[in-house]
Structures are given as structure tokens and as C-alpha cells.
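Tertiary structure, described
Chain residues, written in single-letter form:
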Amino acid sequence: MQSVRTGIPGGEDVRVAQGLDYPLPQGTSTTGIVSDLEGVMMAATAGVRTPRAPDRMVTSAVALLSESGPRSVTIDRVLRDSGAPRGSVYHHFPGGREEIVDRATQSAADLMTSYIAGIAAGHTPEQCVDQLTAFWKAQLTEFEYTRGCPILATTVGDSDSPTLKAIAADAFTAWQNVIAKVLEAYGADPDRARSAAILVIAAVEGAIAMCKAAESVRPLDDVNAELRQVLRHLIG
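Residues numbered from 1 in each chain as written. Predicted model: local features only at pLDDT ≥ 70, side-chain atom pairs only at ≥ 80, totals over all residues. Heavy atoms only, no water.

**Quick look at the confidence of the model for the protein**
Overall, the predicted model of the protein reaches an average pLDDT of 82, with 78% of residues at or above 70. Of the regions scoring below 50 in pLDDT, residues 1-36 engages in 69 contacts with residues more than four places distant in sequence or in other chains. For residues 41-49, every residue scores under 50 in pLDDT, and the model assigns this stretch eleven contacts once sequence neighbours within four places are set aside. (pLDDT = per-residue confidence, 0-100. Contact = heavy atoms within 4.5 Å.)

What follows is the structure, given as C-alpha cells:
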């Protein structure tokens, strides 16, 4: 059985912890399925001994986004967390802080879309929900409920950036489309598949916020259980 890194102290396998005993999608890299988005981003540059300064800066910005949204991403914090030299900021990001935030949001959106597409390949709709909720439970617990979904953070914070709103809207749509296609593949009516996919993404994203507030993964556990029933009924 393939192992999936969780990043949780002790290195528990996500599927073992969640009772998931089915295999990963064929061709999915286990090094890309880790508990936190920083790890997912670093996996994208696997094989690079030392990530370049702009990659480290974007990774740091993603972490800050997941904690407190766009307003928490400052050049000082990004430089401190990434270890990048101050002179590199405007060399790599001529638009300064705004460009870093935009790049980090787009990177997180793209990588999560790839992750969701990866777990969708070869899995049933119920298993997709299992994997998605397990991912976020690991993210939340490892960072003691300080980090959530960076894409969600751009929509509920005080940012008024049209660019960030557009990236978030496109990301949510992409995730919904992936889930909808899986449901259709298992016999769901296209219209019902679309609405059920919206339910899945909305429920999981809302549960992430509730978990952070309650400092408990129970909201995700409850959402997972309910979504499994809904999807089971939908596809017969």
C-alpha cells in the first residue's frame, strides 16, 4: 500500500487515520500529497536542492494567506519567513507586495486544483470527499488550527482586489468542475452533478472555517459523513 505523508507528528498515513484502504490514483506522486500547502508547493519544485528566492517568497506568502488572508502578507514577513534578501523583492516581483499576493494566490489555486484532480482520478465520489477532508484535517491539526484555505481567506477578508476575487472564483469553479465530472462518470445527471459539486466545495470550505474557530476537526468529520450519504444517494 502506498504511503501518503501527512506531516502530522508520527507520520500517520492519511488513509490509515481516516480508515481509507483504497489505493491512490495511478500516477499520483505520493510526495505531492502532503498535509500543508507549503509542502504541495515545494513538491512542485521537487528535485531542486535549494528553492529559488522567488519560490520561497511565494511559498511564505501562501502560508501567510492561509493564516490571516491577504492583509497579513507584508514584504517584511515574507522576507523574514523565506530568508530571501530584501534586494530581491522588486527584482523578482516588480509589482511589489501586490504582485507577491497575486502570485501566491494563483499558485495555491493551481496546486489545489491539481491536487483535487489527482484524487479524483480513479476514485469514487465518496472517496474523493474522504481524501479532501483528510487533507484539510491534517493541515489544520499540524498547524494547530492557525491555517486554513488560502483561497477562502481571499474572499472573507478585507481585500477588495478584483484580481484576487477573480482567482478565487476561477479556483472554486475548477474544483467544482472536477467533482462534477466524477459524479457524471458514476451516472449522475449533469445538472445534479453540478449542484452536488457546489455543495461539496461549499460544505468543505465552510467546515474548514468552522474547524479553525472551534479548534476541532469535528465540523469536517460531520460534513464528510453527510456528504458521503448525499453522494451515495445521488449515484445510487
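**Some points on the packing of aromatic side chains**
Counted under the stated rule, the structure contains three aromatic pairs. Arranged with centres 5.1 Å apart and planes meeting at 85°, the rings of phenylalanine 135 and tryptophan 136 form a pair that is edge-to-face. Taking relative accessible area as the criterion, tryptophan 136 reaches 1% and is therefore assigned buried. Ring centres of phenylalanine 172 and tryptophan 175 lie 5.5 Å apart, and the angle between their planes is 85°; this geometry places the pair in the edge-to-face category. Placement of both phenylalanine 172 and tryptophan 175 in helix H9 (residues 162-185) is noted, with a separation of three residues, approximately one turn of the helix. For the pair phenylalanine 172 and tryptophan 175, a shared accessibility class is recorded, and that class is buried. Ring-pair connections join several aromatic residues into one group, and the members of that group are Tyr115, Phe135 and Trp136. In this structure, arginine 147 packs its charged tip against the face of phenylalanine 143, placed 4.0 Å from the ring centre. (Phe/Tyr/Trp six-rings, centres within 6.5 Å; stacked < 30°, edge-to-face > 60°. Buried < 20%, exposed > 50% of the residue type's maximum accessible area, 1.4 Å probe, protein only. Helix = DSSP H or I, 4+ residues; strand = E, 2+ residues; numbered from the N terminus. Lys NZ or Arg CZ within 6 Å of the ring centre and 35° of its normal.)

**As for the environment of valine 200**
Looking at the secondary structure, you find valine 200 in helix H10 (residues 190-214). Residue class for valine 200 comes out buried when judged on its relative accessible area of 1%. In this structure, the C-alpha to C-alpha distance between valine 200 and alanine 180, residues 20 residues apart in sequence, is 9.7 Å. Residues in contact with valine 200, not counting those within four places in the same chain, are Val129, Ile179, Leu227 and Leu231.

**Considerations on the pattern of salt bridges**
Applying the stated criterion to the full structure yields eleven salt bridges. Between glutamate 126 and arginine 232 there is a salt bridge, and its shortest N-O distance comes to 3.1 Å. A residue pair is termed long-range when its members are at least 10 positions apart, and glutamate 126 in helix H7 (residues 125-142) and arginine 232 in helix H11 (residues 218-235) qualify at 106 residues. (Salt bridge = Lys/Arg side-chain N within 4 Å of Asp/Glu carboxyl O.)

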